[in-house]
Amino acid sequence: MFTNNKIKEIFSKTKEHCHFCGDPLILEKYGWKDLDDLDGAWETDHIIQKGKGGRKEAENCLPACLRSNRLR
Ligand SMILES: [Zn+2]
C-alpha cells in the first residue's frame, strides 16, 4: 500500500484524470469498493506489469478509473 503522499503524487501525474480514458477522478475515492457508485473511483495501474519486472512503486504507477482498470 502507498502512503497518502504517494497516492497524491500518483494522482497528480495525470492532473487527476484516468490515464486510459481521461475521466476525472476524485482523490478520496482511491481504493473505492462501491461498484454502484463508480464515478471518480480509481486505483493505481502499473505502467510496467509486475510480471515483467515492473516495480511496485509510485514511479511505476498511474491513476486509472475502476471501469478502465477492471474492464480492459
Ligand atoms: Zn478510465
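Residues numbered from 1 in each chain as written. Predicted model: local features only at pLDDT ≥ 70, side-chain atom pairs only at ≥ 80, totals over all residues. Heavy atoms only, no water.

Moving on: the coordination of the zinc ion. The protein atoms that coordinate the zinc ion are C18 (SG), C21 (SG), C65 (SG) and S68 (OG), at distances spanning 2.1 to 2.3 Å. If you look at the zinc ion, its 4 donor atoms make angles of 97 to 116 degrees with each other, and the shape they trace is tetrahedral. Mapping the donors of the zinc ion onto the primary sequence gives the spacing C-x2-C-x43-C-x2-S. With a gap of 50 residues between them, C18 in the loop between α1 (4-13) and β1 (42-46) and S68 in helix α2 (residues 66-71) connect regions that are remote in the sequence. S68 shares its class with C18; the two are buried. (Donors = N, O, S within 2.8 Å, 3.2 Å for Na, K, Ca; no water. Tetrahedral: all angles 85-135°; square planar, octahedral: opposite > 155°, others 65-115°. Helix = DSSP H or I, 4+ residues; strand = E, 2+ residues; numbered from the N terminus. Buried < 20%, exposed > 50% of the residue type's maximum accessible area, 1.4 Å probe, protein only.)

Let us look at the pattern of salt bridges. Oppositely charged side chains can form a pair if their charged atoms are brought close together. What the rule picks out here adds up to 5 salt bridges. Here R70 makes a salt bridge to E43, at a shortest N to O gap of 3.1 Å. Taken as a pair, R70 in helix α2 and E43 in strand β1 lie far apart in primary sequence, 27 residues in all. On the basis of relative accessible area, R70 is assigned to the partly exposed category, the value being 48%. Where salt bridges share partners, they join K6, E9 and E59 into one cluster. (Salt bridge = Lys/Arg side-chain N within 4 Å of Asp/Glu carboxyl O.)

Just geometry here; none of it tells us what the structure is for.
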